[in-house]
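# Close look at the chain arrangement
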Amino acid sequence: MQEQARTSDSQEVVAWLARLLVIRSCGYLEQTVAETFRAYTKRLSYGHVRNFSLGWLDRTQNPTPAALETLAGRFDQDLREELGTLLDADDGRLRRELAALVDRRNRIAHGLNEGVGMVKALDLQKVACEVADWFILRFGPV
């Protein structure tokens with residue numbers, strides 16, 4: 001009986017770790033986008049334009065595919081299109097998985113059943129890193 005309790009406890013711990021990984025992965029992407037935009041703006045602007053831009057960039061949103069495309073497009077339409085191409089490649093894999101990442105994070109944050117296991121959480125973490133890498137490469141230090 002004690003072994004069954006330990007197994008049950010272990011499964012519960014793994015489930016909570018999977019949820020935490022989803023939350024952290026989505027937060028990582030959100031913060032990476034925000035910080036790369038802030039660094040880019042600081043590096044290439046000054047005065048009132050810089051202050052206005054940095055003030056506007058303080059308002060982060062969920063890193064949904066549409067929100068990320070809109071943000072990239074505010075800097076350059078070609079970048080928006082490039083990001084859209086990346087998200088739509090491989091039958092829209094990144095677009096679909098990124099939307100799932102944000103959805104799962106929001107469900108977890110609101111105490112809803114999210115149905116995410118460790119394998120899915122690890123897959124979503126990789127998606128967050130792939131998308132974050134694109135922003136780092138396009139807006140990061142030169």
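Please refer to the structure placed before this passage.
Notes on the structure follow.

Reading the values: the criteria
Residues numbered from 1 in each chain as written. Predicted model: local features only at pLDDT ≥ 70, side-chain atom pairs only at ≥ 80, totals over all residues. Heavy atoms only, no water. Helix = DSSP H or I, 4+ residues; strand = E, 2+ residues; numbered from the N terminus. Contact = heavy atoms within 4.5 Å. Core = buried A, V, L, I, M, F, W, Y, C linked by side-chain atoms within 4.5 Å. Buried < 20%, exposed > 50% of the residue type's maximum accessible area, 1.4 Å probe, protein only. 1 Å grid on protein atoms, 1.4 Å probe; cavity = no way out; pocket = protein on both sides within 12 Å on 5 of 7 lines; lining within 4 Å. Points joined across faces, edges and corners; volume = space filled by probe spheres on them. Nonpolar A, V, L, I, M, F, W, Y, C, P; charged D, E, K, R; others polar.

## Re the side chain of E30
- Considering the arrangement of structural elements, one finds E30 in helix 1 (residues 2–44).
- If we skip the residues at most four places from it in the chain, E30 touches T60, Q61, N62, P63 and R105.

## Things to note about the nonpolar core
- Grouped together as the largest cluster of nonpolar side chains are 29 residues, with contacts concentrated most on L29, L68, L98, V131 and F135.
- Of all elements in the fold, only helix 1, helix 3 (65–75), helix 4 (77–109) and helix 5 (118–139) reach the threshold of two or more residues within this core.
- Each residue touching L29, except ones within four places of it in the same chain, is listed here: P63, L68, L98, A128, V131 and A132.

## Here's the deal with empty space enclosed by the protein
- Scanning all chains against the criterion turns up one cavity of 30 Å³ or more.
- By volume, the largest cavity amounts to about 130 Å³.
- Lining the largest cavity are 15 residues, and of these V33, A34, T60, Q61 and L71 lie nearest its centre.
- If you list the elements that add at least two residues to the lining of the largest cavity, you get helix 1, helix 2 (47–57) and helix 3.
- In terms of residue count, helix 1 provides more of the lining of the largest cavity than any other element does, five residues in total.
- For the lining of the largest cavity, a count of residues per class yields 10 nonpolar, three polar and two charged.

## Here we look at unusual backbone geometry
- Of note in the backbone geometry, D90 takes a positive phi value of approximately 55° without being a glycine.
- With respect to the helices and strands, D90 occurs in helix 4.
- Classification of D90 by relative accessible area gives exposed; the value is 57%.

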